[in-house]
Amino acid sequence: ESGITRPKGHNVSFHCNPDMEQHHFGMTHPMKPWRLTLSKSLIYSYGMSFAMDNFVTRAATYEELASFHSTDYLDFLGTVLPEPVPRDLESQNPDLKFNLGGSDCPLFDGLYDYCSMSAGSALDAARKICSKQSDIAIAWGGGLHHAKKAEASGFCYINDIVIAILELLRFYPRVLYIDIDVHHGDGVEEAFFSTDRVMTCSFHKYDPNNFFPGTGALDDNGPKSEHNPGAHHAVNVPLNDGITDEQYDMLFNNIIGRIVEKFRPGAIALQCGADSLAGDRLGRFNLQVQGHGACVAFCKRMNIPMILFGGGGYTPRNVARAWTYETSIAIDCQDKINPILPEHTPWREQFRQDTLFPTLEQILGEPRQNRNPQKRLQDIVQHVTEQLRFVQG
Ligand code: ZL4
Ligand code: CA
Ligand code: ZN
């Protein structure tokens with residue numbers, strides 16, 4: 001008996017499609033759709049599905065994908081076939097059409113289905129929010145924030161987040177997008193560069209020369225040109241290696257607290273990329289499951305309808321821990337669940353430690369050096385505070 005019951009006063013819906021998890025980017029590619037299977041298996045083992053409305057989502061239609069993407073791009077995406085032999089390992093090859101087929105965004109079997117299923121979950125989640133049937137809607141298979149209108153980028157082909165936010169904008173005057181993936185949420189930021197109805201805020205590792213995608217500096221806040229209403233509506237929080245839970249929590253609460261107070265969003269889209277966790281194959285931070293989850297808890301306390309998206313996350317056991325803990329926060333049972341992983345969890349040995357909350361020492365041995373001086377973090381809060389003077393709610 002897990003003791004997990006329906007949360008009082010709010011509805012949580014869970015949107016997934018098991019077919020999505022069957023796709024493979026390639027043996028050594030860091031993006032493993034199987035991490036979604038591992039995450040769900042842990043969520044179900046804890047009995048959390050009994051506290052949510054569970055939906056197996058459909059694939060998004062061509063017309064739905066075309067609400068953001070160009071038809072040229074979609075037509076190509078729908079017809080390209082995986083190549084029998086990888087043509088070129090260099091994804092910087094300028095010949096790639098729509099940036100498809102390199103090492104970051106390979107062509108694989110069922111690519112179009114994979115993309116439309118991710119967007120289908122995100123859209124279903126958005127529609128449950130719009131119809132007020134859900135207060136929190138979860139789409140761990142979405143969160144693919146780098147995809148552009150007519151270009152694949154950074155493991156992302158279809159920007160399910162943009163498509164979901166466009167749906168939210170049919171019902172809500174203002175939507176806040178928050179992105180805690182270790183990478184800059186450039187695709188979502190760019191999509192809403194010229195509107196004041198969406199504010200975007202990404203926290204990320206920033207190093208223009210050595211870390212993908214290289215954008216998202218503190219003073220990149222939306223084009224300030226030609227009476228652009230979207231000016232000042234992009235918040236960027238550039239960080240360095242090794243940031244800790246305490247520092248991240250301070251920044252997140254300060255910055256998101258101020259944005260919500262000023263912008264007064266009707267809905268929140270929160271991208272919960274788990275590559276910001278310590279020990280991630282591509283990540284650089286020292287965040288623990290608790291610190292990552294604290295961002296979700298903070299947003300939930302504001303009582304604003306919210307979609308939780310997945311995103312990056314390249315060490316599957318830690319992805320599963322974070323998204324399980326965050327599901328428990330959504331349904332308000334985080335204080336009730338046993339931190340020892342349920343005995344009957346499938347693939348339990350994959351988790352190495354039997355706890356939901358391994359220590360930094362257990363994850364990394366030696367924690368990564370923290371290169372975020374407190375003074376720099378205060379300057380960031382200061383900059384955002386000044387930026388928000390230009391924003392109206
Ligand atoms: C890999 O091992 O920084 C792809 C990508 C494939 C398999 C074998 C091919 C070996 C790491 C990454 C060659 C790999 C060369 N395989 C990759 C500038 C780059 C050009 C491509 O979390 N090389 C590009 C994208 C980032 C770059 C990060 C994050 C997505 C998200 C949301 C996207 N691209 C340099 C890298 C491997 C690979 C190993 C890789 N790619 C690491 N970082 C990137 O924000 C879902
Ligand atoms: Ca981010
Ligand atoms: Zn990422």
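Every value quoted in this text rests on a predicted model; they were computed, and no experiment measured them.

Visitor: Outline the overall build of the chain, listing residues and values.
Guide: Per the secondary structure count, the chain includes 11 helices and 8 strands. Relative to the 2.2 N^0.38 estimate, which gives 21 Å for 393 residues, the radius of gyration of the chain is 20 Å and therefore close to what a compact globule would have. Oriented by its inertia axes, the alpha-carbon framework of the chain measures out at about 60 × 55 × 45 Å. Counting the 393 residues in the chain, one finds 59% classified as buried. Considering only intrachain contacts with a sequence separation of at least 6, the fraction spanning at least 24 residues in the chain is 79%. Carbon and sulfur atoms make up 50% of the accessible area of the chain, which totals about 16,000 Å².

Visitor: Could you give me a rundown of the pairing of strand β6 (residues 234-239), with the residues and numbers involved?
Guide: For β6, the buried fraction is high: 6 of the 6 residues fall into the buried class. Across the two faces of β6 the burial is the same, with Ala-234, Asn-236 and Pro-238 and Val-235, Val-237 and Leu-239 all buried. With 6 bridges connecting them, strand β5 (residues 198-205) and β6 associate as parallel partners. Its bridge partner lying in β6, His-204 is registered against Pro-238.

Visitor: Lay out the pairing of strand β1 (residues 12-16) in plain terms, naming residues and giving numbers.
Guide: Counted residue by residue, β1 has 5 buried out of 5 residues, so it is predominantly covered. Burial along β1 is two-sided: Val-12, Phe-14 and Cys-16 and Ser-13 and His-15, pointing in opposite directions, are all buried. Bridge analysis of β1 against strand β2 (residues 53-56) gives 4 bridges, and the strand direction is parallel. When the sheet's bridge partners are listed, His-15 is paired in β2 with Phe-55. For the handedness criterion, the β-α-β arrangement of β1, helix α1 (residues 34-45) and β2 is classed as right-handed.

Visitor: Requested: an account of the site of ligand 1, with residues and values cited.
Guide: Neighbouring residues of ligand 1: 22 residues in total, closest Thr-28, Asp-104, His-145, His-146 and Tyr-314. With respect to ligand 1, the side chain of His-145 contributes an N or O atom lying 2.7 Å from an oxygen atom. Within the side chain of Asp-275, an N or O atom sits 2.9 Å from an oxygen atom of ligand 1. When isolated, ligand 1 has an accessible area of 850 Å², and the protein chains bury 72% of it. Across the shell around ligand 1, the residue classes break down as 7 nonpolar, 11 polar and 4 charged.

Visitor: Lay out the coordination of the calcium ion (ligand 2) with the relevant residues and their values.
Guide: Bound to the calcium ion (ligand 2) are the protein donor atoms Asp-179 (O), Asp-179 (OD), Asp-181 (O), His-183 (O), Ser-202 (OG) and Phe-203 (O), situated 2.4 to 3.1 Å from the metal. If you look at the calcium ion (ligand 2), its 6 donor atoms make angles of 69 to 166° with each other, and the shape they trace is irregular. Donor residues for the calcium ion (ligand 2), ordered by position in the chain, follow D-x1-D-x1-H-x18-S-F. Of the two residues, His-183 sits in the loop between β4 (175-179) and α6 (186-191) while Ser-202 sits in strand β5, which places them 19 residues apart along the sequence. Accessibility classification places His-183 together with Ser-202 in one group, the buried group.

Visitor: Explain the coordination of the zinc ion (ligand 3) residue by residue, including any values.
Guide: In this structure, Asp-181 (OD), His-183 (ND1) and Asp-275 (OD) serve as the protein donors to the zinc ion (ligand 3), at separations of 1.9 to 2.0 Å. Donor residues binding the zinc ion (ligand 3) come from one chain and are separated in sequence as D-x1-H-x91-D. Linking His-183 in the loop between β4 and α6 with Asp-275 in the loop between β7 (267-271) and α8 (289-301), this pair joins segments that are 92 residues apart in sequence. Pair check on accessibility: His-183 and Asp-275 agree, each one buried.

Visitor: Can you break down the side chain of Thr-345 residue by residue, with the values?
Guide: Tracing the chain through its elements places Thr-345 in the loop between α9 (316-330) and α10 (360-364). Overall, Thr-345 belongs to the buried group, its relative accessible area being 5%.

Visitor: Describe the packing of α8 against α9, and please don't skip the residues or the numbers.
Guide: Relative to each other, α8 and α9 sit at 30°, their axes nearing to 9 Å. The angle between the axes of α8 and α9 places the two elements in the roughly parallel class. Our pair here, α8 against α9, has a crossing hand that is right-handed. Residue-level inspection shows Val-289, Gln-290, His-292, Gly-293, Val-296, Ala-297 and Lys-300 of α8 in contact with α9, the latter providing Arg-321, Ala-322, Tyr-325, Glu-326, Ile-329 and Ala-330. Across the contact of α8 with α9, the residue classes break down as 7 nonpolar, 3 polar and 3 charged.

Visitor: Describe the packing of aromatic side chains, and please don't skip the residues or the numbers.
Guide: Applying the stated criterion to the full structure yields 16 aromatic pairs. Here Tyr-325 and Phe-357 contribute two aromatic rings whose centre-to-centre distance is 5.0 Å and whose plane-to-plane angle is 90°, an arrangement assigned as edge-to-face. Taken together, the positions of Tyr-325 in helix α9 and Phe-357 in the loop between α9 and α10 put the pair 32 residues apart, joining distant regions of the chain.

Visitor: Which residues make up helix α11 (residues 374-387), and what values do they have?
Guide: The first and last C-alpha atoms of α11 sit 20 Å apart over 14 residues, in line with the 20 Å expected at 1.5 Å per residue. Within α11 the residues assigned to the buried category are Leu-377, Ile-380, Val-381, Val-384 and Gln-387. Along the axis of α11, the buried residues cluster in a sector spanning 125°; they form a single face.

Visitor: Before we move on, can you summarise the nonpolar core with the specific residues and values?
Guide: A general trend in soluble globular proteins is that nonpolar side chains are found buried together. Ranked by size, the top nonpolar core spans 122 residues in total, and within it Tyr-157, Phe-203 and Ile-255 carry the most contacts. With 11 residues, helix α4 (residues 111-130) is the single largest residue contributor to this core.

Basis of the calculations
- Residues numbered from 1 in each chain as written.
- Chains lettered and ligands numbered in written order.
- Predicted model: local features only at pLDDT ≥ 70, side-chain atom pairs only at ≥ 80, totals over all residues.
- Heavy atoms only, no water.
- Helix = DSSP H or I, 4+ residues; strand = E, 2+ residues; numbered from the N terminus.
- Rg over C-alpha atoms; globule rule 2.2 N^0.38 Å.
- Buried < 20%, exposed > 50% of the residue type's maximum accessible area, 1.4 Å probe, protein only.
- Contact = heavy atoms within 4.5 Å.
- Areas by Shrake-Rupley, 256 points an atom, 1.4 Å probe, with all protein chains shown as cover.
- Pairing = 2+ DSSP bridges.
- Right-handed = clockwise from strand over helix to strand, strands pointing away.
- Near = heavy atom within 4 Å.
- Polar contact = N/O pair within 3.5 Å; in protein donor to acceptor, adjacent residues only side chain to side chain.
- Nonpolar A, V, L, I, M, F, W, Y, C, P; charged D, E, K, R; others polar.
- Donors = N, O, S within 2.8 Å, 3.2 Å for Na, K, Ca; no water.
- Tetrahedral: all angles 85-135°; square planar, octahedral: opposite > 155°, others 65-115°.
- Axes fitted to C-alpha atoms, helices over the stretch in contact; angles between N-to-C directions.
- Parallel < 35°, antiparallel > 145°, perpendicular 65-115°, else oblique.
- Left-handed = near helix turned anticlockwise from the far one by under 90°.
- Phe/Tyr/Trp six-rings, centres within 6.5 Å; stacked < 30°, edge-to-face > 60°.
- Expected span 1.5 Å × (residues − 1).
- Arc of directions from axis to C-beta.
- Core = buried A, V, L, I, M, F, W, Y, C linked by side-chain atoms within 4.5 Å.

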